[in-house]
Amino acid sequence: MSENWHAAILGQLEFYWDFHLRPRLEGLTDDEYFWEPVDGCWSLRPDADGVLRMEQSFPAPEPPPFTTIAWRMTHVSRDVLGIRARAFFGPHEGLEDAHMFDQRLWPDPLPATAADAIAVLERSYTHWHDAVAALTPAQFDAPLGPKAGGYADDPVGALVLHLNRETMAHGAEICLLRDLYRDRPAQ
C-alpha cells in the first residue's frame, strides 16, 4: 500500500493548527502581543512616516535578536504562509515575475493589534491550506519552478513540508512566549 503523502503532510498542518496553535491564540492581548521580555527585541515598530514595519536585517546578526510575539506572528502570517501563497497561487496581478520571497506580494499593512494579527494569520493559513489542499498529486510532486529561485527543481511537496516546519517552530515559540508572559514576575 502506498502512502498519500499529500494528505498526510496537509493533515499534519491541520492537526497542528486546529489543536495546538490556533486554540493557544485565544485571549491574546495587545500588551502581550508587543511584550518585550528582554532588551533589544525585534518587533513591529512605526517608521518615520508612522507606517508599522517589521524589524529585520539581511543577513541577520549572529546570534539573531530575540523577537516578540508580534514579530513571530507577522513572520508566519506574512513571510512563511502569506507571500508564498500569493507567489504560487495568487493573487499577484502585475507581479507575475515575483518570487516566493518578494515583499511586493504583501502590500497590506502589518497588524497593529493582537486581534488584527490573529485575523491576518487565519487568512494566510486558510489561503495556503486551501490552495495546497486543492493540488492534484501530480501538482504536489511537480517542481516549484522559477518562483522558487534556487529551489526551482524541488517539488511543491518539499516546500509544503518546509512551511509546516516553519509554522510549527514559530508557533511553538509564540506559545512559549505566552506562557512566559502569563507567569512573568509581578511588575
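Just so it is clear, the model here is predicted, and its values are computed rather than measured.

Asker: Run through the overall build of the chain, naming residues and quoting values.
Answerer: Helices and strands together make up the secondary structure of the chain, namely 6 helices and 2 strands. Going from N to C terminus, the chain has its helices and strands arranged as α-α-β-β-α-α-α-α. The C-alpha atoms of the chain give 17 Å as radius of gyration, which agrees with the globular expectation for 187 residues (16 Å, within 12%). Taken along its principal axes, the extent of the C-alpha atoms in the chain is 55 × 40 × 30 Å. Classification of the 187 residues of the chain by burial places 44% in the buried group. Sequence-distant contacts in the chain: of pairs separated by 6 or more residues, those separated by 24 or more amount to 68%. Accessible surface, the chain: about 10200 Å² in total, of which carbon and sulfur atoms supply 58%.

Asker: Outline the pattern of salt bridges, listing residues and values.
Answerer: All told, the structure shown has 14 salt bridges when counted by the stated rule. Between E26 and R22 there is a salt bridge, with the nearest N and O atoms lying 2.9 Å from each other. On the basis of relative accessible area, R22 is assigned to the buried category, the value being 18%. Between R104 and D97 there is a salt bridge, with the nearest N and O atoms lying 3.5 Å from each other. For D97, a relative accessible area of 59% puts it in the exposed group. Several salt bridges converge on common partners, so that one network encompasses R24, D179, R182 and D183.

Asker: Tell me about the side chain of K147, and please be specific about residues and values.
Answerer: Here K147 is to be found in the loop between α5 (137–141) and α6 (156–182). Put simply, K147 is tucked away with no salt bridge, and the nearest opposite charge, on D97, sits 6.8 Å away. In this structure the side chain of K147 is engaged in a polar contact, spanning 2.6 Å, whose partner is the backbone oxygen of E96. Within polar-contact distance, the side chain of K147 engages the backbone oxygen of A98 at 3.3 Å. Those residues within four positions of K147 in sequence are excluded, and the remaining contacts are A87, F88, H92, L95, E96, A98, H99 and M100.

Cut-offs and rules
Residues numbered from 1 in each chain as written. Predicted model: local features only at pLDDT ≥ 70, side-chain atom pairs only at ≥ 80, totals over all residues. Heavy atoms only, no water. Helix = DSSP H or I, 4+ residues; strand = E, 2+ residues; numbered from the N terminus. Rg over C-alpha atoms; globule rule 2.2 N^0.38 Å. Buried < 20%, exposed > 50% of the residue type's maximum accessible area, 1.4 Å probe, protein only. Contact = heavy atoms within 4.5 Å. Areas by Shrake-Rupley, 256 points an atom, 1.4 Å probe, with all protein chains shown as cover. Salt bridge = Lys/Arg side-chain N within 4 Å of Asp/Glu carboxyl O. Lys, Arg positive; Asp, Glu negative; His and termini not counted. Polar contact = N/O pair within 3.5 Å; in protein donor to acceptor, adjacent residues only side chain to side chain.

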